[in-house]
Protein chains: 2
Amino acid sequence: MATMEEIAEKAGVSQATVSRVINGYQGVSEKKKKLVMDWARKLDYQLNMTAQSLKNNKSYLIGLIISDISNPYFAEIVHAVEKEATRNGYNIIICNTESNIQREKEAINSLRSRQVEGILLVPANKNAAHLRSLQQKNLPVVVITQFSKLFTSVAVDHVKGSELIIKHLVDLGHTKIGYIGPDKYSGCKEDKFEGFKKGIKNSNLNLDSDYIIKTAGGLPELSSQDVFKKVTSFLKTSDKKIATAYFAYNDLAAFEAIKAFEDFGYEVPLDIAIAGFDNTSLSKINRPSLTTISQPIKTIGHLAFEILLEKISKSESDTESIVLSPSLIIRDSTLMYEKINK
Amino acid sequence: MATMEEIAEKAGVSQATVSRVINGYQGVSEKKKKLVMDWARKLDYQLNMTAQSLKNNKSYLIGLIISDISNPYFAEIVHAVEKEATRNGYNIIICNTESNIQREKEAINSLRSRQVEGILLVPANKNAAHLRSLQQKNLPVVVITQFSKLFTSVAVDHVKGSELIIKHLVDLGHTKIGYIGPDKYSGCKEDKFEGFKKGIKNSNLNLDSDYIIKTAGGLPELSSQDVFKKVTSFLKTSDKKIATAYFAYNDLAAFEAIKAFEDFGYEVPLDIAIAGFDNTSLSKINRPSLTTISQPIKTIGHLAFEILLEKISKSESDTESIVLSPSLIIRDSTLMYEKINK
DNA sequence: ATGAAAGCGCTAACAG
DNA sequence: CTGTTAGCGCTTTCAT
């Protein structure tokens, strides 16, 4: 690839002048400017951002650490972030961790080594020790899709969202309401489970552990395959007590659960109501379409990037975490209790 | 961030020695080695890859240009590529083009500027002029998920895959077989449509244009929302002739189509058989589960990266394009013609 | 075994 | 207006 030096040689000017032209500084004679531009085009010149970064100590690069990009929900996050980054002249380096702490550590080191200006992070484990040390380094970090005590975070209130779902199910007349999902999230409490319990309590119902189908938390990919198996094996037990409505902790899990129930001859929503969480684009398309909680993905991507950019420019910024409101999307997968086949 | 210079100062050695230790060269006394390592740890040293890249003219960075990362199929591709890249010490920069030629051009320039060692590309338009010029520059490029005449490509044979679907539908006894999808792909022929026609011909059926529901090609995201609308408006026409089986050009389109048909009171597969293409993870979960064509996504990601790496090391490599075999996955969305409600 | 020094491609004073 | 020069953090050759 051509360098400024080569252009300078061809155009008979100094390399500094080439730099001035390329970067659009004023104070270069029109004649030389044109000469340089022509040669740049002719030699198919491309600025070497590596050199520029080194010199300016500015990379226009941010890191995006995500647990599982093959989950449509995260894919949409990546989409939103990439769009916003491009609009601001940034590129993003993606690191997929599979919710593995070790890989997350490696990703962080790798990104630091690449001189990224900041990191957008979906943590594998909210209170892993290495996050504390990351906090010490003066590298801007914004946690997304989860609440964080250590970093500024942009996320929907998962507890409140779950409560909304439960309230909706109660409003439909359901009293036997179950939960399908993990009860903890790599060591921490799973907010959606907390919201579920809170919702049950608010409605003066009793928490019945028979209605809770626990699945593996942590590895999204694995756990999502896990839901089908767990529900299926639950349905195979002889002494089972089945709820009339279930809240599955995310859309993917809901899809799997619906599949499992229907394979056993239950119809959703005619026999059992099922709701999800995320409002992925597929929740609308699925049969039945899924009642779920909408997370404003574009807003999350947008805001998170904006905040990160602000942190990058003002090194002392101490933004409050942003808690976005979840909203209930009612579709076909949940039905009035009265209408249910009994 | 600490530099080698600072470590050198603290440890009382030259910066060159620090470099030797950090890079694990032999020929440094154990004593100094330990000294340097200790200080490196103490100062939380991270190699500056920007500087290293500049010096070595090697970035360990590859670009991944994709049309639409929110399509689960591409998300899985990204997943596979990222995994392979990390395993080889590379990072990837993701560029989403929305199938927009202009954005693709910008992405290519941006990546060249970043000194990526190679590009994995899902082209927005196979024969766009700028790809010809990209071919001239000596930057390794591997096209994925599509066949390419200009670059080495790794993809499933779309024509053959489509023929498999049609053959399957014919084997089920269907004679009125339709196609839902674009007939061309930003200027070029859409291989799946070609495969559809070929399949119809092979089975000695007549190509009936009434059975073809054309949708927008090009922008995956838009076109996928388009399918629902197009099928719906087709079903609203009074003089419609409906096929008994439809091949939708990808899974997402198939989901939308199923949704549209069912909204109009048709049951899939009881009234109408529908098949897709891609075998995304959701095709198994969907109700009804989707008959589709499996693309070996992990293999594509794996192979493409491997080939790219080879091109990077041997600058003159001229690998043949790899055409992978599609395979038919039969699920619930297609049923014997005899069993269909008439 | 180790230090000094050149240079990767670029930017930004500084001098003229 | 434009050229000269120093230097970003690193690797590597050449002395010693």
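Rules used in this analysis
Within any chain, residue numbers begin from 1 and follow the written order of that chain's sequence. The lettering of chains begins at A and the numbering of ligands begins at 1, in the order of writing. In keeping with the model being predicted, local features are shown solely for residues with a pLDDT of at least 70 and side-chain atom pairs are shown and tallied solely at 80 or more, while totals for entire chains, interfaces and linings include all residues. For the side-chain quantities, the full set of heavy atoms in the structure was used; hydrogens and water were omitted. The helix count covers DSSP runs of H or I at least four residues long, the strand count covers runs of E at least two residues long, and both are numbered beginning at the N terminus. Just to be clear, the radius of gyration here is over C-alpha atoms, and the globule rule we use is 2.2 Å times residues to the power 0.38. The buried label goes to any residue with under 20% of its type's maximum accessible area, the exposed label to any with over 50%, and the partly exposed label to all in between, with areas taken from a 1.4 Å probe on protein chains only. Note on contacts: a residue pair is in contact if any heavy atoms of the two residues lie within 4.5 Å. To be clear on the numbers: accessible area is Shrake-Rupley with a 1.4 Å probe, and residue cover counts the displayed protein chains and nothing else. Residues scored as charged are limited to Lys and Arg (positive) and Asp and Glu (negative), so that His and the chain ends carry no count. The location of each charge is read from NZ of Lys, CZ of Arg, CG of Asp or CD of Glu. Domain extents, as shown, originate in an automatic or database domain assignment. Strand pairing follows a simple DSSP-based rule, namely that at least 2 bridges must link the two strands. Note on method: axes are straight lines fitted to C-alpha atoms, helices fitted across the in-contact stretch only, with angles between N-to-C directions ranging 0 to 180 degrees. Nearness here has a simple test: a residue counts as near a molecule or strand if at least one of its heavy atoms is within 4 Å of that partner. In protein, a polar contact means a hydrogen-donor-capable atom and an acceptor-capable atom, both N or O and within 3.5 Å, with residues adjacent in sequence counting only if both atoms are side-chain atoms; elsewhere, any N or O pair within 3.5 Å suffices. UniProt positions are given in the numbering used here, feature names are shortened, and annotations may be inferred rather than shown by experiment. When the copies are superposed, the least-squares fit draws on C-alpha atoms of residues that have pLDDT of at least 70 in both. Here's the idea: put two parts together, see how much 1.4 Å probe accessible area each one loses, and the total over both is what we call buried area. Salt bridges are defined by distance alone: a side-chain nitrogen of Lys or Arg within 4 Å of a carboxyl oxygen of Asp or Glu. Gly counts as polar in this scheme, as do all residues outside two lists: the nonpolar Ala, Val, Leu, Ile, Met, Phe, Trp, Tyr, Cys and Pro, and the charged Asp, Glu, Lys and Arg.

S.K.: Lay out the overall build of chain A in plain terms, naming residues and giving numbers.
M.R.: When its secondary structure is counted, chain A shows 13 helices and 14 strands. Taking 2.2 N^0.38 as the reference for a compact globule, 342 residues should give roughly 20 Å; the C-alpha atoms of chain A span a radius of gyration of 26 Å, well beyond that estimate. Taken along its principal axes, the extent of the C-alpha atoms in chain A is 90 × 40 × 30 Å. Across the 342 residues of chain A, 56% fall into the buried class. Counting only contacts in chain A whose residues sit at least 6 apart along the sequence, the fraction spanning at least 24 positions is 70%. Counting only carbon and sulfur atoms, one obtains 49% of the accessible surface of chain A, whose full area is about 15,000 Å². One way to put it: in chain A the 44 positive side-chain charges average out to a point 4 Å from where the 40 negative ones average out.

S.K.: Can you explain the domain arrangement of chain A? Please cite residues and give values.
M.R.: One widely used convention gives an interface's size as the accessible area the parts lose upon coming together. For chain A, the domain assignment lists domain 1 (1–58) and domain 2 (158–295 + 328–340). Computed from C-alpha coordinates alone, the two centres of domain 1 of chain A and domain 2 of chain A are separated by 60 Å.

S.K.: Any details on the sheet that holds strand β9 (residues 212–214) of chain A? Residues and values, ideally.
M.R.: All names here are of chain A. In space, the four strands of this open sheet follow the order β9-β6-β10-β11, with parallel pairing throughout. Both outer strands of the open sheet, β9 and β11 (273–275), are each paired with one neighbouring strand and no more. Here the average twist between neighbouring strands, direction ignored, is 15°. As judged from the three bridges shared by strand β10 (residues 245–248) and β11, these two strands associate in the parallel manner. Following the sheet pairing, Y246 is matched in β11 by I274. Across the sheet, helix α9 (residues 191–202) is in contact with β6 (177–181), β9 and β10; its angle to β6 comes to roughly 175°.

S.K.: An account of the protein's contact with DNA strand D is needed here, citing residue identities and associated values.
M.R.: DNA strand D sits among 26 residues. The nearest are A:R20, A:K55, B:Q15, B:S19 and B:Y45. Within 4 Å of the protein, the contacting atoms of DNA strand D are drawn from sugar and phosphate to the extent of 64%. Here a base nitrogen of DNA strand D and a side-chain polar atom of A:K55 are 3.1 Å apart. In the environment of DNA strand D, a phosphate oxygen lies 3.0 Å from a nitrogen or oxygen atom belonging to the side chain of B:N23.

S.K.: Explain the protein's contact with DNA strand C to me, using residue names and the numbers behind them.
M.R.: Close contacts around DNA strand C come from 26 residues, with A:Q15, A:S19, A:Y45, B:R20 and B:K55 the closest. Here, DNA strand C places atoms within 4 Å of the protein, and 66% of those atoms are sugar or phosphate. A:M4 places a polar main-chain atom, nitrogen or oxygen, 2.7 Å from a phosphate oxygen of DNA strand C. One of the backbone nitrogen or oxygen atoms of B:S29 is found 2.7 Å away from a phosphate oxygen of DNA strand C.

S.K.: Lay out the UniProt feature "domain: HTH cro/C1-type" (unreviewed entry) in chain A in plain terms, naming residues and giving numbers.
M.R.: UniProt tags residues 3–24 of chain A as "domain: HTH cro/C1-type" (unreviewed entry). Summarising residues 3–24 of chain A: 73% helix, 0% strand, and an end-to-end C-alpha distance of 17 Å.

S.K.: Run through the relation of the copies chain A and chain B, naming residues and quoting values.
M.R.: The two copies are related by a screw motion: chain A maps onto chain B through a turn of 180° and a shift of 0.1 Å along the axis, at an RMSD of 0.1 Å. With respect to symmetry, the two chain copies, as superposed, fit the operation of a two-fold axis. Distance from the rotation axis, computed per C-alpha, reaches its smallest value in chain A at A:I93: 2.3 Å. Both copies contact each other with a shared surface, as 100% of the interface residues of chain A are interface residues in chain B too.

S.K.: So what about the interface of chain A and chain B? Which residues, and what values?
M.R.: Contact with chain A, which involves 54 residues of that partner, is made by 54 residues of chain B. Both sides of the chain A and chain B interface together cover about 4,800 Å² of buried area, and 51% of this is carbon and sulfur. Taken together, the connections running from chain A to chain B amount to ten salt bridges. A salt bridge links B:E82 to A:R103; its shortest N-O distance comes to 3.5 Å. Taken together, the elements giving at least two residues each to the side of chain A that touches chain B come down to α4 (49–56), α5 (72–87), β2 (91–96), α6 (101–113), α11 (251–263) and α12 (281–285) of chain A. Of the residues belonging to the side of chain A that touches chain B, the class tally is 20 nonpolar, 17 polar and 17 charged. Looking at chain direction, β2(A) and strand β2 (residues 91–96) of chain B are connected through three bridges and run antiparallel. Bridge pairing links A:I92 to B:I94 in β2(B).

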